[in-house]
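The primary structure of each chain is shown beneath.
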Amino acid sequence: MPDQEDPPPNVSTRGQKPSKRAGALDIRSIIGMLIGFYGLILLVMGLFFTSDADLQKAEGVNLNLWSGIGLIAAGLLFLLWAKLRPLRVPEEPAGQ
Amino acid sequence: MDSEILRLDANPVDYFIIACYFAVVLTIGYLARRQVSSSIDFFLSGRSLPAWVTGLAFISANLGAIEIMGMSANGAQYGMSTMHYFWIGAVPAMLFLGVVMMPFYYGSKVRSVPEFMLRRFNPTTHLVNAISFAAAQLLIAGVNLFLLGTVVNVLLGWPLWVSLVAAAVIVLLYTFLGGLTAAVYNEVLQFFVIVAALLPLTLAGLNNVGGWQGLVDKVSSGPGGAEELGVWPGNDLTGFSSDFWSVVGLVFGLGFVLSFGYWTTNFVEVQRAMASKDMSAARRTPIIGAFPKIFIPFIVVVPGMIAAVSVSELAQYKAAGGSGGSTGGSIDYNDAILLLIRDILPNGLLGLAITGLLASFMAGMAANVSSFNTVFSYDIWQTYIVKNRPDNYYLKVGRAATVGAAVAAIGTAFFAAGYSNLMNYLQQLFSFFNAPLFATFILGMFWKRMTPTAGWVGLVLGTLSAVTVFILAEVGVLDLPGQGAAFVGAVAAFVVDIVASVIVTMFTEPKPDAELRGLVYSQTPKAERTEERVGENAAWYRSTPLLAGIALVLIIVLNIVFA
């Protein structure tokens, strides 16, 4: 079917489809940054602001600390993925 | 819900986490809006998203009220048999959608399910379907709004109706700021936030009750007994006393009619797949979504079960047979996950959990509202009321419809508020709207003789029979206490729809074959039904049938392990 192909290029640059890096709008970067940032907040909460009452609620486990570490790791993985395999968005011809 | 009993103690750090999330999502909405050009972009995101994004959005669109509050409520009330909603009631249908149905949707480039009905049958069928779909979206939006209002109420202590109005305004703002692209980004982000909050909650909850074995022991000695630990035969869930009929009800009522009806014809979900960049990605969308769907119940249903044995108010409520108990009657199963969050999560993670809940209910309602908007402006307004205006006009109508939908949802939220277990209500709605639609759809897709008149007659009679079953169950003629009434209603709607369609077809004129190309299986050349496996789509891990096969094996194994 004709429409399953990418839209025909409106400008031809050395035979390649015109495209641009999605950059900051790449959803992987956004996920990575948001999750990593949340991880940092939780890490700080876990390290410096954990009360005995908090610990008691979870049978002595510091939930903020461990969740924070997990989130930072997951966030870094997403940023790494976005960096290693950048998303190329084909330039859309105006209108459809 | 009584605000004096259930209150989450959020502190400034929690509010900061919530604020950050909404700042990010609204910024994306703003940026996405600057790129919105024609109306097709607004409604379908210009068909440019990769499959893993639409796949996650596909299940996140459904990871709202239904999964988090409804399924944890179900877990608290019925235990492990709730897993059926995922393993029997969702995954097979999602696989079927990707392998069999998606080529028709994506290939025929329809903008909505009713539009498919128009081309396969006739304007009457189209109108019947569009109206019933629009009504269903408003009722389901009410469920999402009610839950969103509940969280605002628990958080801030505002009265329910004020919370409802505030929540509706937030959803509207968000929908206007970006259309589907922003909605899809939010759905994907929200998925990770939800998992980030629910995973520690589940692990800590399990740890508190003494691990998996501790949960098993506590549930076995609880009011539901050890039966709640196995997924089969699920008598409590269906309300059937016979094991045999319970299994039949689950497999045909839930697994076949309700779930295929929901997942394959519900445009809220299908719309996500239509936003993918090519046929291969569109077909993989529901299948990629199936994998997280298989594992989500472990962080949704299991916390509900933990709450039912470890939160004292809820345990008392359950021991009293789910009717008030000694706590003053202000807690019900729908509160299960909020109660567990209150008891376990420290400030910080609490903020993350609230963010995830708010985002998912918002996403759920935004999805209902935006598909209502599509169907109302294209399928009803443009087709029957005001024709042949420029695109811009219909965008404006769409925006007005969105506001109308939000106002109507405030009304339908009060219906939802009347149910102690929202899943019962939702399954009831699905039996009215989705079961007959699925019957007409599947028959029309594979039987080219089926006539246009049969299309709408089947739909109308199917819906009426589901409503009849509902009324019989309400007045007590049928005694089905669990979700059995919805399952029976769904089967009745399906059977009546098929029988009526076949009979009507015998006496009316079919469409010529030439008009059915791309709409009926036998009239569509194979090349139009399959994607080209070239370039990046040639990789084995992008093969639709292979991915579907892996998912199928996984659910079979899980059903055996947790039988």
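Residues numbered from 1 in each chain as written. Chains lettered and ligands numbered in written order. Predicted model: local features only at pLDDT ≥ 70, side-chain atom pairs only at ≥ 80, totals over all residues. Heavy atoms only, no water.

**Structural notes on the overall build of chain B**
Counting secondary structure elements, chain B contains 24 helices and zero strands. Of all 563 residues assigned to chain B, the portion counted as buried reaches 63%. Counted over contacts in chain B with a minimum sequence separation of 6, partners at least 24 positions apart contribute 83%. As presented, chain B carries roughly 18600 Å² of accessible surface, and 67% of it is formed by carbon and sulfur atoms. (Helix = DSSP H or I, 4+ residues; strand = E, 2+ residues; numbered from the N terminus. Buried < 20%, exposed > 50% of the residue type's maximum accessible area, 1.4 Å probe, protein only. Contact = heavy atoms within 4.5 Å. Areas by Shrake-Rupley, 256 points an atom, 1.4 Å probe, with all protein chains shown as cover.)

**Considerations on the overall build of chain A**
Regarding its fold elements, chain A presents three helices and two strands. In chain A, the order of α-helices and β-strands from amino to carboxyl end is β-α-α-α-β. A buried classification covers 32% of the 96 residues belonging to chain A. Taking as baseline every contact in chain A between residues at least 6 positions apart, the subset at least 24 positions apart corresponds to 75%.

**Regarding the packing of helix α6 (residues 91-108) of chain B against helix α15 (residues 279-310) of chain B**
Residue and element names in this part refer to chain B. For the pair α6 and α15, the least separation of the axes is 8 Å and the interaxial angle reads 165°. Taken together, α6 and α15 sit at an angle that is classed as roughly antiparallel. Crossing handedness for the pair α6 and α15: right-handed. Side by side, α6 and α15 meet where Val91, Met94, Leu95, Leu97, Gly98, Val99, Met102, Pro103, Tyr106 and Gly107 of the first sit next to Met279, Ala282, Arg283, Pro286, Ile287, Gly289, Ala290, Lys293 and Ile294 of the second. Class assignment of the residues belonging to the contact of α6 with α15 gives a composition of 14 nonpolar, three polar and two charged. (Axes fitted to C-alpha atoms, helices over the stretch in contact; angles between N-to-C directions. Parallel < 35°, antiparallel > 145°, perpendicular 65-115°, else oblique. Left-handed = near helix turned anticlockwise from the far one by under 90°. Nonpolar A, V, L, I, M, F, W, Y, C, P; charged D, E, K, R; others polar.)

**Re the environment of isoleucine 170 of chain B**
Among the secondary structure elements, isoleucine 170 of chain B is positioned in helix α9 (residues 160-176). Placed 145 residues apart in sequence, isoleucine 170 of chain B and alanine 315 of chain B show a C-alpha to C-alpha distance of 34 Å.

**Notes on unusual backbone geometry**
Trans is the common state for peptide bonds, and a negative phi is the common state for residues other than glycine. Despite not being glycine, asparagine 388 of chain B has its phi angle at roughly 55°, a positive value. You can see asparagine 388 of chain B is positioned in the loop between α18 (349-385) and α19 (391-416).

**With respect to the pattern of salt bridges**
Residues and elements named next belong to chain B. Evaluated as defined, the whole model comprises one salt bridge over all chains. For aspartate 343, the salt bridge goes to arginine 342, with nearest N and O atoms at 3.0 Å. The class of aspartate 343 is partly exposed, set by a relative accessible area of 29%. (Salt bridge = Lys/Arg side-chain N within 4 Å of Asp/Glu carboxyl O.)

**Quick look at the layout of surface pockets**
Considering only enclosed or pocket space, the second largest pocket measures out at about 360 Å³ in volume. Lining the second largest pocket are 17 residues, with Leu71 of chain A together with Val195, Ala196, Leu199 and Pro200 of chain B positioned closest to its centre. Of all the secondary structure elements, the ones that give two or more residues to the lining of the second largest pocket are α3 (63-84) of chain A together with α10 (179-208) of chain B. Split into classes, the residues belonging to the lining of the second largest pocket amount to 15 nonpolar, two polar and no charged. (1 Å grid on protein atoms, 1.4 Å probe; cavity = no way out; pocket = protein on both sides within 12 Å on 5 of 7 lines; lining within 4 Å. Points joined across faces, edges and corners; volume = space filled by probe spheres on them.)

**What about the nonpolar core?**
Nonpolar side chains in soluble globular proteins tend to end up buried together. In this structure, Tyr38 of chain A together with Tyr21, Tyr105, Leu314, Ile341 and Leu352 of chain B are the most contacted members of the largest nonpolar core, which totals 176 residues. Of all the elements, helix α20 (residues 422-446) of chain B adds the most residues to this core, at 16 residues. (Core = buried A, V, L, I, M, F, W, Y, C linked by side-chain atoms within 4.5 Å.)

**Considering the packing of aromatic side chains**
Residues and elements named next belong to chain B. In total, this model carries 13 aromatic pairs over all chains according to the counting rule given. Centroid distance phenylalanine 372 to phenylalanine 376: 5.7 Å. Interplanar angle 15°. Geometry classified as stacked. On the criterion of helical spacing, the pair formed by phenylalanine 372 and phenylalanine 376 is a turn pair, its members being four residues apart in helix α18. For phenylalanine 372, a relative accessible area of 9% puts it in the buried group. With a centroid separation of 5.9 Å and an interplanar angle of 25°, the aromatic rings of phenylalanine 438 and phenylalanine 494 are classed as stacked. (Phe/Tyr/Trp six-rings, centres within 6.5 Å; stacked < 30°, edge-to-face > 60°.)

**Quick word on α19 of chain B**
Helical geometry: 3.6 residues make up each α-helical turn, so side chains three or four residues apart lie on a common side. All names here are of chain B. With 26 residues, α19 extends 36 Å from end C-alpha to end C-alpha; this agrees with the ideal 38 Å at 1.5 Å per step. Most pronounced at isoleucine 410, the bend in α19 amounts to some 30°. Buried within α19 are the following residues: Tyr394, Leu395, Val397, Gly398, Ala401, Thr402, Ala405, Ala406, Ala409, Thr412, Ala413 and Ala416. (Expected span 1.5 Å × (residues − 1). Bend = angle between axes of the 7 residues up to and from the residue.)

**Observations concerning the environment of threonine 264 of chain B**
Residues and elements named next belong to chain B. For threonine 264, the position within the fold is in helix α13 (residues 243-265). Judged by relative accessible area, threonine 264 falls into the buried class, the value being 0%. Considered as a pair, threonine 264 and leucine 437 are 173 residues apart in the sequence and their alpha carbons are 9.7 Å apart. Non-local contacts of threonine 264, meaning those with residues more than four positions away in its chain, are made with Ala93, Phe96, Leu97, Met101, Tyr105, Ser259, Val270 and Phe438.

**Some thoughts on the side chain of serine 67 of chain A**
Looking at the secondary structure, you find serine 67 of chain A in helix α3. Residue classification places serine 67 of chain A among the buried positions, given a relative accessible area of 10%. Excluding anything up to four places from it in sequence, serine 67 of chain A contacts Leu42 of chain A together with Pro200 and Leu349 of chain B.

**What to know about the side chain of lysine 511 of chain B**
Residue and element names in this part refer to chain B. Within the secondary structure, lysine 511 is located in the loop between α22 (484-507) and α23 (526-529). Of the polar contacts made by the side chain of lysine 511, one reaches the backbone oxygen of phenylalanine 121; its length is 3.0 Å. Lysine 511 has contacts with Leu118, Arg119, Arg120, Phe121, Pro452 and Leu516, leaving out every residue within four places of it along the chain. (Polar contact = N/O pair within 3.5 Å; in protein donor to acceptor, adjacent residues only side chain to side chain.)

**Some points on α15 of chain B**
Residue and element names in this part refer to chain B. Relative to the 46 Å expected for 32 residues at 1.5 Å per residue, α15 spans 48 Å between its end C-alpha atoms, a close match to the ideal helical length. Taking the largest bend as the criterion, α15 deviates by roughly 35°, centred on phenylalanine 295, and proline proline 297 comes between one and four positions later. Where burial is concerned, most of α15 is hidden: 26 out of the 32 residues are buried.

**Some words on the confidence of the model for chain B**
When pLDDT drops low, the exact placement of atoms in the prediction is not to be read closely. All names here are of chain B. For chain B, mean pLDDT is 76; residues scoring 70 or higher make up 78% of the total. Mean pLDDT across the elements of chain B ranges from a minimum in helix α2 (residues 39-44), with 40, to a maximum in helix α21 (residues 452-475), with 86. Across residues 36-46 the pLDDT falls below 50, and counting only partners more than four positions away or on other chains, this stretch makes 33 contacts in the model. In the predicted complex, the global pTM is 0.76; the interface-specific ipTM is 0.74. (pLDDT = per-residue confidence, 0-100.)

**A closer look at a nonpolar patch on the surface**
A cluster of nonpolar side chains, Val491, Val495, Val499, Ile503, Met506 and Phe507 of chain B, forms an exposed patch at the surface whose accessible area comes to about 580 Å². Assignment of secondary structure puts valine 495 of chain B in helix α22. (Patch = residues over 30% accessible without salt bridge, like charges linked within 9 Å, V, L, I, M, F, W, Y side chains within 5 Å.)

**Describing the packing of α21 of chain B against α22 of chain B**
Residue and element names in this part refer to chain B. At a minimum axis separation of 7 Å, α21 and α22 run at an interaxial angle of 150°. One way to sum up the angle between α21 and α22 is to call them roughly antiparallel. The two elements α21 and α22 meet at a crossing, and its hand is right-handed. Contacts between α21 and α22 involve Thr453, Ala454, Val457, Gly458, Leu459, Leu461, Gly462, Ser465, Ala466, Val469 and Ala473 from the former and Ala485, Val488, Gly489, Ala492, Ala493, Val496, Asp497, Ala500, Ser501, Val504 and Thr505 from the latter. Of the residues contributing to the contact of α21 with α22, the split by class is 14 nonpolar, seven polar and one charged.

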